[in-house]
Amino acid sequence: MPSSIRACQVNEVERGLLDTSTLIDLPLISTDVLPTELAISAITLAELAAGPHTTGEPAERAARRQRLQWAEGTFDPLPFRHRGRPCVRARVRRHGGRWAGIAPTGT
């Protein structure tokens, strides 16, 4: 392993940015291996917002909505900017209708 890359020790990292998959699995992850301060990005929030629209199962849709509401109430997401301009909100507004029209595949 190169000297610039090394595994983090337990609670060695004070701050961390959670991706969508990690946020979804957060209840299953031991707090011993998580950073002390957690954050999410606006991209993660946008992905969570699309989630309920991608399942045809009512119970799963409800669970995804609950997870989204929890994340919205728990975190102040870090903005995603491209060339200094906010990107995610405009994209969600522009493509949200398409996401809502996605037909669940059942897999």
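Note on numbering: residues in each chain are counted from 1, in written sequence order. For this predicted model, a pLDDT threshold of at least 70 governs which residues receive local features, and a threshold of 80 or more governs which side-chain atom pairs are given and counted, while totals over whole chains, interfaces and linings are taken from all residues. The side-chain values count all of the structure's non-hydrogen atoms but skip hydrogen atoms and water molecules.

### Points about the side chain of Thr55
For step 1, the next point in the chain: Counting from the N terminus, the helices are the DSSP runs of H or I reaching at least four residues and the strands are the DSSP runs of E reaching at least two. Position of Thr55 among the secondary structure elements: in the loop between helix H2 (42–50) and helix H3 (58–74).
For step 2, the next point in the chain: Partly exposed residues are those whose accessible area sits between 20% and 50% of the maximum for their type, while under 20% is buried and over 50% is exposed, using a 1.4 Å probe and protein chains only. In this structure Thr55 comes out as buried when scored by relative accessible area, which is 11%.
For step 3, the next point in the chain: We define a polar contact as two N or O atoms separated by no more than 3.5 Å, with the added condition that, inside protein, one atom must be a possible hydrogen donor and the other a possible acceptor, whereas residues neighbouring each other in sequence contribute only through side-chain atom pairs. Within the structure, the side chain of Thr55 is placed 3.2 Å from the backbone nitrogen of Glu57, a separation counted as a polar contact.

### Digging into the confidence of the model for the chain
For step 1, the next point in the chain: Scored from 0 to 100, pLDDT reflects the predictor's confidence in each residue. Put simply, the chain has an average pLDDT of 77, and 64% of its residues get 70 or more.
For step 2, the next point in the chain: Mean pLDDT values for the elements of the chain range from 49 in helix H4 (residues 88–100) up to 95 in H3.
For step 3, the next point in the chain: We call two residues in contact whenever any of their non-hydrogen atoms come within 4.5 Å of each other. Within the model, pLDDT remains below 50 along residues 93–99, and this stretch shows 5 contacts once partners closer than five positions in the same chain are excluded.

### Some details on the pattern of salt bridges
For step 1, the next point in the chain: Salt bridge criterion: a side-chain nitrogen from Lys or Arg within 4 Å of a carboxyl oxygen from Asp or Glu. On inspection of all chains with the given rule, the structure shows 2 salt bridges.
For step 2, the next point in the chain: A salt bridge links Glu37 to Arg15; its shortest N-O distance comes to 3.9 Å. One end of the pair, Glu37, is in strand S2 (residues 37–40); the other, Arg15, is in strand S1 (residues 15–18), with 22 residues separating them in the sequence.
For step 3, the next point in the chain: Note that Glu60 and Arg64 form a salt bridge whose closest N and O atoms lie 2.8 Å from each other. Taken together, the residues span about one helical turn, with Glu60 and Arg64 both in helix H3 at a distance of 4 residues.

### Let's talk about the packing of H2 against H3
For step 1, the next point in the chain: Between the N-to-C directions of two axes lies an angle of 0 to 180 degrees, each axis being a line fitted to C-alpha atoms and, for a helix, fitted only over the stretch in contact. The N-to-C vectors of H2 and H3 enclose an angle of 155 degrees; their axes lie 9 Å apart at closest approach. By the angle class used here, H2 and H3 are roughly antiparallel. Crossing hand, H2 versus H3: left-handed. For the pair H2 and H3, the contacting residues are Leu45, Leu48 and Ala49 in the first and Arg67, Leu68, Ala71 and Glu72 in the second.
For step 2, the next point in the chain: Among the residues making up the contact of H2 with H3, the classes are represented as 5 nonpolar, no polar and 2 charged. Any angle that falls under 35 degrees is termed roughly parallel, while one over 145 is termed roughly antiparallel, one within 65 to 115 roughly perpendicular, and all others oblique. By convention, the crossing between two helices is left-handed when the near helix turns anticlockwise from the far helix through less than a right angle, and right-handed when the turn is clockwise. Polarity classes work like this: nonpolar for Ala, Val, Leu, Ile, Met, Phe, Trp, Tyr, Cys and Pro, charged for Asp, Glu, Lys and Arg, and polar for all others, with Gly in that last group.

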